[in-house]
Amino acid sequence: MGEKTKEQLPEELSEGQKMQEKRTDAPRQMIKRFQTLIENEGLFSQIVNFLPYPLAIFTPQYTLAMTNKAFEAETKKRGIDPKKGAACILQHKISDLRLAAAVLGVFAGDTFFLEDVKNPYFMFLGKKQQNTAESDRNNRVVIFPVSADDGEITHGVIVFMP
């Protein structure tokens, strides 16, 4: 391997940073759009329900507040209805430690972009209900907080992406 000149290293670092910014730009744009959507509450639940990515919204008590149709189709778990009894997203041990830290850390106001997440639906389904072939299909996850007008974080959102 040849030695790199002092001029080449900053150029390579700059290129690496640009690539990283490109990878995180799509999730950032999605978060901005989602937050704008929340401001217009009337259409909120209808639009979220038709988003193409599986999505779960949860409370600071880690109970599901809402899932969308894509989530239900992906998990094959119908009728997640918080009114019938709060479903805890921490009912099964989360096998990916980064995902567990993100779920716990979202209420500190942090946003997380995770790639190559192993068994992303594990926290909802557990071992018995999860099909391993399907479990890694949406292995990129964005987790972000949603805050009220006063700045208090009221919900966390998990979006599962291919």
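Just so you know, these numbers come straight off a predicted model, no measurement behind them.

J.: I keep staring at the nonpolar core and nothing clicks. Help me out?
T.: Side chains of nonpolar character tend, in soluble globular proteins, to be buried together. With 22 residues, the main nonpolar core has Ile89, Leu99, Val103, Met123, Phe124, Ile143 and Ile158 as its most contacted residues. Contributing elements (two or more residues each) for this core: β1 (55–58), α4 (97–105), α5 (122–129), β4 (140–147) and β5 (153–161). Take this core: its biggest share by element is four residues, from α4. Every residue in contact with leucine 99, bar those within four places of it in the chain, is listed here: Ile94, Leu114, Val117, Pro120, Met123, Val141 and Ile143.

J.: How do you make sense of the environment of phenylalanine 113 when you look at a structure like this?
T.: By the element assignment, phenylalanine 113 lies in strand β3 (residues 112–114). For the pair phenylalanine 113 and isoleucine 143, spaced 30 residues apart in sequence, the C-alpha to C-alpha distance is 6.7 Å.

J.: Could you clarify how one ought to interpret the packing of aromatic side chains in this entry?
T.: Each aromatic ring pair is characterised by the separation of its centres together with the angle its planes make. Inspection of every chain in the model, using the stated rule, returns six aromatic pairs. Arranged with centres 5.6 Å apart and planes meeting at 85°, the rings of phenylalanine 58 and phenylalanine 107 form a pair that is edge-to-face. Separated by 49 residues along the polypeptide, phenylalanine 58 in strand β1 and phenylalanine 107 in the loop between α4 and β3 bring together distant segments of the chain. On the basis of relative accessible area, phenylalanine 58 is assigned to the buried category, the value being 0%. Residues phenylalanine 71 and phenylalanine 160 carry aromatic rings whose centres are separated by 6.2 Å and whose planes lie at 40° to one another, so their mutual orientation is tilted. Of this pair, phenylalanine 71 sits in helix α3 (residues 69–75) while phenylalanine 160 sits in strand β5, placing them 89 residues apart in sequence. These aromatic residues form a ring-pair network of at least three members: Phe58, Tyr62 and Phe107.

J.: How should I be thinking about the sheet that holds β3 in this particular structure?
T.: The pairing of strands in a sheet comes from backbone hydrogen bonds and takes either a parallel or an antiparallel form. In space, the five strands of this open sheet follow the order β2-β1-β5-β4-β3, with antiparallel pairing throughout. This sheet does not close on itself; its edge strands, each paired only once, are β2 (64–67) and β3. The mean angle between the axes of side-by-side strands here comes to 15°, regardless of whether they run parallel or antiparallel. Note that β4 and β5 share eight bridges and pair antiparallel. By the bridge assignment for β5, arginine 140 is matched with methionine 161.

Cut-offs used in this document
Residues numbered from 1 in each chain as written. Predicted model: local features only at pLDDT ≥ 70, side-chain atom pairs only at ≥ 80, totals over all residues. Heavy atoms only, no water. Core = buried A, V, L, I, M, F, W, Y, C linked by side-chain atoms within 4.5 Å. Buried < 20%, exposed > 50% of the residue type's maximum accessible area, 1.4 Å probe, protein only. Helix = DSSP H or I, 4+ residues; strand = E, 2+ residues; numbered from the N terminus. Contact = heavy atoms within 4.5 Å. Phe/Tyr/Trp six-rings, centres within 6.5 Å; stacked < 30°, edge-to-face > 60°. Pairing = 2+ DSSP bridges. Axes fitted to C-alpha atoms, helices over the stretch in contact; angles between N-to-C directions.

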